[in-house]
Amino acid sequence: MPENKIWPVEEMVHEDEFTDRVELLRELDQWVAAIRRMGATSTALIAPRRIGKTVLLDRLVNTVFFKPEYQVAPFYFKMTREKRTLREFLLEYATTFFRQYLAYCEQDPVLFGQDTTMEELLDYRTDHKAAIMAKEYIQRFVHRYTHHGDEDALIHWDAFIRVPERLGSHSGTRVAVIIDEFQDMQFSIYNMPKELMDAKDRSDGYGAIRLANTFDRQAQSRKAPMLVSGSAVTMVFRTVMGGPLGGRFGFKYIKPLSVPDGAALLHTTLKYYAPDKKVTPELALYASAQTGGHPYYLYCLAISECEGKSFRSREDIDRIIRYEIENGKIYGFWRTHFDNNRDLINQDDDTELGKKIIYYFTRYNNQPVDTKAIADKLGVPKKAVAKKIEKLYAADLVYRSAERFYTFNDICLMRFIKFVYEQDLEGVDEVDLSQQGLLNTMKGKFLEMATEVSMLKFNREQLPGAWFGKQGELEVPLFQYVRTQTVKAAASPAYQIDLLGREEKEDRVWLCECKYTRKPMGMAQVEKLEAAVRVFRQQLEEERQPVPEVRFWLISTGGFTDEVLGLAGSREDMYASDYDGINSIFKRFGSNYSIPLFAENEKRT
């Protein structure tokens with residue numbers, strides 16, 4: 001995205017600070033494109049706090065705005081917790097919609113974010129068919145709004161909710177209704193005169209109209225479907241799953257960054273916020289692993305005010321992380337959240353027991369919470385633990401899936417809880433959250449991780465064939481999924497395939513063999529992959545499933561023996577990427593550092 005171009009939405013991060021999210025952004029772009037053929041349904045983005053959902057939505061709108069061929073106008077409304085009357089909110093919501101709709105029709109990014117009135121929009125000059133029709137809707141809205149007061153606000157609101165759908169149907173330019181912090185529509189808008197609204201303390205949403213519920217019809221639209229998100233995961237989930245909106249939304253989950261992409265983000269944030277600090281690829285990977293790839297925590301490391309901040313060793317990074325969790329911005333962020341949810345988190349019949357349950361809860365980072373194990377550990381009924389976990393769910397510290405509670409993948413949250421509660425408790429076994437063995441495990445798998453994150457970003461680009469051991473150029477596919485897979489037929493041993501990628505459109509899979517050492521890959525590894533492919537085909541035949549076409553991708557940081565190179569060169573279905581090849585691919589798809597060769601890799605054969 002060129003810096004000198006005017007964008008409809010002012011993004012909050014530098015262009016290259018936007019890291020990863022390629023697959024999710026692509027899915028959402030396709031969601032918008034599908035609205036034209038009425039092929040998209042309303043969707044909720046579920047994400048923990050500070051994971052980057054608003055940045056993602058900003059980029060999505062900036063991307064699809066400049067695609068007039070989609071004939072889908074993005075209507076992007078950022079909900080706030082500001083208290084206002086329904087009549088005030090109706091005018092704000094409608095003005096934003098009409099302004100952004102006109103801006104899309106005329107491809108006018110300045111208008112998209114401009115502070116304009118309805119009267120100014122009526123004076124906006126356009127010869128676009130859909131925009132002219134939109135101005136007719138504006139005239140009708142202004143006439144009704146100016147001739148009625150608060151008594152008509154709810155009826156007018158109910159009528160206006162369907163305007164994006166009706167206008168899209170009549171004009172041919174459909175609408176993507178995108179609302180950030182959707183759950184706040186339940187607590188901030190009051191269907192009463194302003195004097196009455198201000199007469200009482202409304203800080204807890206007392207008397208607010210549950211405005212999100214009024215989208216029950218709109219949420220089913222195919223001509224103006226909704227994309228909603230919010231940082232209060234439990235509240236967003238309950239809002240779109242319960243009551244009038246139940247069953248009307250699908251879900252997409254935003255996860256932390258992969259460890260390789262988290263390392264790339266740290267390199268970028270240091271470039272902007274601490275240009276005098278340097279970090280090696282290996283230590284950037286360590287920092288990413290220790291923060292779980294969480295973009296906000298990596299940003300906190302880059303801007304940390306930790307005395308003597310340095311990224312020269314693991315110990316230096318551990319010290320910065322500890323400072324941030326115990327004194328810095330990570331501490332402040334979670335301290336505020338805990339204070340805001342004090343009634344749910346800290347008020348128990350047995351305060352000491354409640355704290356111990358929370359403390360032991362930290363050992364389940366990104367796992368199902370084993371209430372029975374905690375109960376057995378503390379010698380209390382399982383029901384007492386389950387009651388506490390329900391409160392943590394309401395406080396947005398766990399999420400529910402398949403009727404089980406899971407902690408978020410948030411190791412820094414777990415360390416914050418441990419720090420806050422451990423000092424007040426006696427007679428508890430220490431929970432180890434150091435993750436010191438994680439990097440060693442990752443070192444052995446990093447080549448597979450780097451290859452996987454690159455494959456997931458492929459989208460039919462033309463790449464130099466030399467990166468794959470071929471002549472000319474090679475078009476890479478769009479993959480439906482990429483994963484490690486174990487295959488086993490009835491009378492065969494089990495084989496683990498390092499990576500298996502299934503193409504999106506073609507009945508074809510790529511099977512990858514990754515060798516992460518300085519020693520060249522020989523025929524033994526190729527024969528192992530070919531044996532795995534035979535078992536893969538046999539397993540599918542036994543299961544009476546179609547057998548796809550197979551592409552072999554050999555990846556070796558130590559290169560290949562002449563025999564392997566000769567074989568790969570003679571076969572159209574086999575590719576061979578050495579260190580320079582796979583490193584070039586890794587950098588082409590977002591990395592700003594080279595694949596490191598750890599000392600441990602040099603010892604492997």
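Criteria and thresholds
Residues numbered from 1 in each chain as written. Predicted model: local features only at pLDDT ≥ 70, side-chain atom pairs only at ≥ 80, totals over all residues. Heavy atoms only, no water. Helix = DSSP H or I, 4+ residues; strand = E, 2+ residues; numbered from the N terminus. Rg over C-alpha atoms; globule rule 2.2 N^0.38 Å. Buried < 20%, exposed > 50% of the residue type's maximum accessible area, 1.4 Å probe, protein only. Contact = heavy atoms within 4.5 Å. Areas by Shrake-Rupley, 256 points an atom, 1.4 Å probe, with all protein chains shown as cover. Lys, Arg positive; Asp, Glu negative; His and termini not counted. Charge placed at Lys NZ, Arg CZ, Asp CG, Glu CD. Phe/Tyr/Trp six-rings, centres within 6.5 Å; stacked < 30°, edge-to-face > 60°. Pairing = 2+ DSSP bridges. Axes fitted to C-alpha atoms, helices over the stretch in contact; angles between N-to-C directions. Salt bridge = Lys/Arg side-chain N within 4 Å of Asp/Glu carboxyl O.

Participant: I keep staring at the overall build of the chain and nothing clicks. Help me out?
Facilitator: When you go through the chain residue by residue, the secondary structure sums to 25 helices and 16 strands. Whereas a compact globule of 605 residues would reach a radius of gyration of roughly 25 Å, the chain reaches 27 Å, a difference of no more than 12%. Expressed as lengths along the three principal axes of its C-alpha atoms, the size of the chain is roughly 85 × 70 × 55 Å. Here the chain, with 605 residues, has 54% of them falling under the buried criterion. Considering only contacts within the chain whose residues lie at least 6 apart along the sequence, 70% involve residues at least 24 apart. Taken as a whole, the chain presents about 26900 Å² of accessible surface, with 47% of it coming from carbon and sulfur. Each charge sign in the chain was given a centre, from 83 positive and 89 negative side chains, and these centres are 3 Å apart.

Participant: What exactly am I supposed to notice about the packing of aromatic side chains here?
Facilitator: The relation between two aromatic rings is expressed through the spacing of the ring centres and the mutual angle of the planes. As enumerated under the stated definition, the model contains 44 aromatic pairs in all. An angle of 70 degrees between the planes, with centres 5.3 Å apart, marks the rings of phenylalanine 338 and phenylalanine 416 as edge-to-face. Within this pair, whereas phenylalanine 338 is found in helix H15 (residues 329-340), its partner phenylalanine 416 is found in helix H20 (residues 411-422), the two being separated by 78 residues in sequence. Like phenylalanine 338, the residue phenylalanine 416 is buried in the burial classification.

Participant: For this particular structure, what's the right way to read the sheet that holds strand S16 (residues 574-577)?
Facilitator: The pairing of strands in a sheet happens through backbone hydrogen bonds and is either parallel or antiparallel. A sheet is described by the order of its strands in space; here 5 strands give the open sequence S12-S13-S14-S15-S16, paired in mixed fashion. Whereas interior strands pair on both sides, the edge strands pair on one side only; in this sheet they are strand S12 (479-487) and S16. Put simply, the sheet's adjacent strands are angled 25 degrees from each other on average, direction ignored. Bridge analysis of S12 against strand S13 (residues 495-503) gives 7 bridges, and the strand direction is antiparallel. What sits directly across from tyrosine 481, in S13, is arginine 502. Set on the sheet, helix H22 (residues 523-542) makes contact with S12, S13, strand S14 (508-515), strand S15 (549-556) and S16; between it and S15 the angle comes to about 155 degrees.

Participant: Please explain the pattern of salt bridges as it appears in this structure.
Facilitator: Side-chain pairs of opposite charge can arise whenever the charged atoms involved come near each other. This model, assessed by the stated rule, comprises 31 salt bridges. The partner of lysine 457 in a salt bridge is aspartate 261, with the nearest N and O atoms 2.9 Å apart. You can see lysine 457 sitting in the loop between helix H21 (436-455) and strand S10 (462-464) and its partner aspartate 261 sitting in helix H11 (residues 259-273), a full 196 residues away along the chain. Exposure remark for lysine 457: the relative accessible area of 5% places this residue in the buried category. The residue arginine 502 makes a salt bridge to aspartate 507 at a minimum N-O spacing of 3.5 Å. Because the salt bridges share partners, they merge into one network encompassing Glu503, Arg508, Glu549 and Arg551.

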